[in-house]
Amino acid sequence: MQAPHHENNSLKTSSLCTKGVQFSPSRRLPGPAQTAIPSTRNQKVLLGSLMVLATFVTLCNAQCYIMPKTHFPNDFSDECKDANGITHPLNSKWKTKNCEECFCIQEGIHCCNIAAIPMNYDTVKCEKILDKETCSYTVVERKDPEKTCDVGGWVV
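Below is a summary of the structure that appears in this document. Just so it is clear, the structure is predicted and the values come from calculations on it, not from any experiment.

## Remarks on the sheet that holds strand S6 (residues 93-95)
No. 1: Taken in spatial order, the four strands line up as S3-S8-S7-S6 in an open sheet, and their pairing is antiparallel. Where the open sheet ends on each side, the last strands, each with one partner, are strand S3 (64-68) and S6. Going across the sheet, the axis of each strand differs from the next one's by a mean of 20°, ignoring polarity.
No. 2: Bridging between strand S7 (residues 100-105) and strand S8 (residues 108-113) involves six bridges; their strand directions are antiparallel. Residue pairing for S8: Glu 100 is matched across the bridge by Asn 113.

## Here's the deal with unusual backbone geometry
No. 1: Located in the positive-phi region is Asn 91, a residue other than glycine, with phi close to 70°.
No. 2: Counting through the fold element by element, Asn 91 comes out in the loop between strand S5 (87-89) and S6.
No. 3: Its identity is not glycine, yet Cys 135 carries a phi of approximately 55°, on the positive side.
No. 4: Its location among the elements puts Cys 135 in the loop between strand S10 (126-131) and strand S11 (136-141).
No. 5: The buried category is assigned to Cys 135, whose relative accessible area is 7%.

## Let's talk about the pairing of S8
No. 1: Counted residue by residue, S8 has five buried out of six residues, so it is predominantly covered.
No. 2: If you look at the hairpin formed by S7 and S8, you'll find two residues sitting between the two strands.

## Regarding the pattern of salt bridges
No. 1: By the definition in use, this model includes two salt bridges.
No. 2: Here Lys 93 ties to Glu 101 by a salt bridge, and the two come within 4.0 Å at their closest N and O atoms.
No. 3: Residue classification places Lys 93 among the exposed positions, given a relative accessible area of 54%.
No. 4: By relative accessible area, which is 28% here, Glu 101 ends up partly exposed.
No. 5: We note a salt bridge from Lys 125 to Glu 141, for which the minimum N-O separation is 3.6 Å. Taken together, the residues span a long stretch of sequence, with Lys 125 in the loop between strand S9 (117-119) and S10 and Glu 141 in strand S11 at a distance of 16 residues.
No. 6: Given a relative accessible area of 45%, Lys 125 falls into the partly exposed group.
No. 7: Residue classification places Glu 141 among the buried positions, given a relative accessible area of 16%.

Thresholds, definitions, all that
- Note that residues are indexed from 1 along each chain, following the sequence as it is written.
- Since the coordinates come from a predicted model, pLDDT governs what is reported: local features require at least 70, and pairs of side-chain atoms require 80 or more to be given and counted, while whole-chain, interface and lining totals use all residues.
- The basis for every side-chain value is the complete set of heavy atoms in the structure, and neither hydrogens nor water enter the calculation.
- Criterion used throughout: strands pair if DSSP finds at least two bridges between them.
- Think of it this way: any DSSP run of H or I at least four residues long counts as a helix, any run of E at least two long counts as a strand, and we number them from the N terminus.
- Geometry is summarised by axes, namely lines fitted to C-alpha atoms with helices restricted to the contacting stretch, and by angles between N-to-C directions that run from 0 to 180 degrees.
- Three labels apply to residues, based on accessible area from a 1.4 Å probe with only protein chains included: buried if under 20% of the type maximum, exposed if over 50%, partly exposed otherwise in between.
- Salt bridge criterion: a side-chain nitrogen from Lys or Arg within 4 Å of a carboxyl oxygen from Asp or Glu.

Dropping the structure here:
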């Protein structure tokens with residue numbers, strides 16, 4: 001006589017691999033008694049992920065402004081004129097010499113600062129210097145510009 005068949009609800013062997021380890025019903029994941037110590041690689045991945053998240057949060061605080069179009073009766077132009085008198089086609093994008101990214105939209109010109117501005121540093125001992133080619137600031141000591149200063153945060 002054959003034994004009755006019972007459905008096995010246990011975890012089946014998986015081909016999902018993590019760091020080259022294949023999990024199966026015979027292998028146990030670390031539990032409270034067996035805590036895995038995070039590897040240096042995992043710590044670097046976590047730190048990198050947090051940096052990306054911080055960047056997105058910083059980008060949400062962009063310093064932007066709009067220069068509205070001056071509309072004249074019967075003027076339906078498809079371009080924008082910036083503060084320097086240069087015209088830009090509708091829906092175009094450009095970078096200014098002052099490290100702003102601008103867009104020509106129907107309502108006017110929309111510009112946002114693209115250089116991260118240093119915050120929370122010793123403004124008496126240190127000064128910020130903008131490199132307009134790379135649109136990035138460096139914070140250096142006033143008495144010795146070869147030495148950089150600690151910066152507590154950056155705002156875009």
